[in-house]
Amino acid sequence: MSTNLPNIPAPTWVDWSSGTLSGAAIEDGQKTLGQLEGIFQDQAVWRGMDPATVVYRVQYWRPVPDGTPGGVFWGATVLEPGRVGDEYFMTHGHFHALSDRAEIYATVKGTGALLLMDEGGTTSSQTMKPGTVHYIPGKVAHRVVNTGDEPLVFLASWPSDAGHDYGSIKTKGFSKRMILRDGAPCLV
Ligand code: PAN
Ligand code: ZN
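Residues numbered from 1 in each chain as written. Chains lettered and ligands numbered in written order. Predicted model: local features only at pLDDT ≥ 70, side-chain atom pairs only at ≥ 80, totals over all residues. Heavy atoms only, no water.

To continue, consider the pattern of salt bridges. Opposite charge on two side chains makes pairing possible when the charged atoms of those side chains draw close. Going through the model one piece at a time under the given rule, you end up with six salt bridges. Between E27 and R62 there is a salt bridge whose closest N-O contact spans 2.7 Å. Of the two residues, E27 is situated in strand β3 (residues 26-32) and R62 in the loop between β4 (54-61) and β5 (72-79); the sequence distance between them amounts to 35 residues. Here E27 falls in the partly exposed class, since its relative accessible area comes to 26%. For E80, the salt bridge identified is with R57, shortest N-O distance 3.8 Å. Here R57 lies in strand β4 and E80 lies in the loop between β5 and β6 (83-84), a separation of 23 residues in the sequence. Judged by relative accessible area, E80 falls into the partly exposed class, the value being 22%. Within the structure, one salt-bridge network assembled from shared partners comprises E27, R62 and D66. (Salt bridge = Lys/Arg side-chain N within 4 Å of Asp/Glu carboxyl O. Helix = DSSP H or I, 4+ residues; strand = E, 2+ residues; numbered from the N terminus. Buried < 20%, exposed > 50% of the residue type's maximum accessible area, 1.4 Å probe, protein only.)

Right, dumping it as structure tokens:
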């Protein structure tokens, strides 16, 4: 038995209580308020906030090269609590560049909502809380909103040839937004 075949990537680790990934192959990134220009509705409030504020951090594992057909990737996102005016902190959101590629999200910690928008612009939402597992079909844009007061942590797995198309979300957004109204989250 061989455990070190050259084409089999070495394992990496997840701390299931925190959602933190570790291992030499883990890459990371972050998105600040400044990098999320045009994403939040109230641009005047957004301009008045510190652009260095980290909205979310992403860790990801690409065991095969980006674009490989038939492979899968694995990632973790930590989305901070907060709001721009009455609109909750959220991820940029995207379609996949190969638009029919699907994805799975699984919530580790926190509470929020997964916004799902089809190509016709119809948006629905699913509640995210510890243990929920969400199937994101192909051709459906996805964005996560933190409606709680602690970080929202979720794991994701997506095809290695999916790619990301941020452009249409940057210009057109989602057709619904999650805001604080009368003390509770409301999809409007
Ligand atoms: C996730 C997202 C991650 C950050 O790994 O990339 O949560 O969100 P944005 O990519 O919208 O900034 C995923 O959906 N990958 O396909
Ligand atoms: Zn995705």
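Pairing within the open sheet is antiparallel, and its three strands lie in the order β10-β9-β12. Strand pairing shows two members of the sheet lacking a second neighbour, β10 (123-128) and β12 (140-146), which therefore form its edges. Taken pair by pair, the neighbouring strands of this sheet meet at an average axis angle of 20 degrees, ignoring direction. Note that strand β9 (residues 112-118) and β10 share six bridges and pair antiparallel. Looking at the pairing, L116 lines up with S124 of β10. (Pairing = 2+ DSSP bridges. Axes fitted to C-alpha atoms, helices over the stretch in contact; angles between N-to-C directions.)

Bringing the layout of surface pockets into the picture now. When its volume is computed, the largest pocket comes out at roughly 530 Å³. Lining of the largest pocket is provided by 26 residues; of these, V58, H94, W158, H164 and Y166 occupy positions nearest its centre. Every element with two or more residues in the lining of the largest pocket is listed here: β3, β4, β5, β8 (103-109) and β13 (152-159). The calculated volume of the second largest pocket comes to roughly 160 Å³. In this structure, the second largest pocket is lined by S18, G19, T20, R57, V58, Q59, A76, T77, V78, K109, P151 and V153. Secondary-structure elements contributing two or more residues to the lining of the second largest pocket are β4 and β5. Per-class residue counts for the lining of the second largest pocket are five nonpolar, five polar and two charged. (1 Å grid on protein atoms, 1.4 Å probe; cavity = no way out; pocket = protein on both sides within 12 Å on 5 of 7 lines; lining within 4 Å. Points joined across faces, edges and corners; volume = space filled by probe spheres on them. Nonpolar A, V, L, I, M, F, W, Y, C, P; charged D, E, K, R; others polar.)

That's the geometry; what it means functionally is another story.
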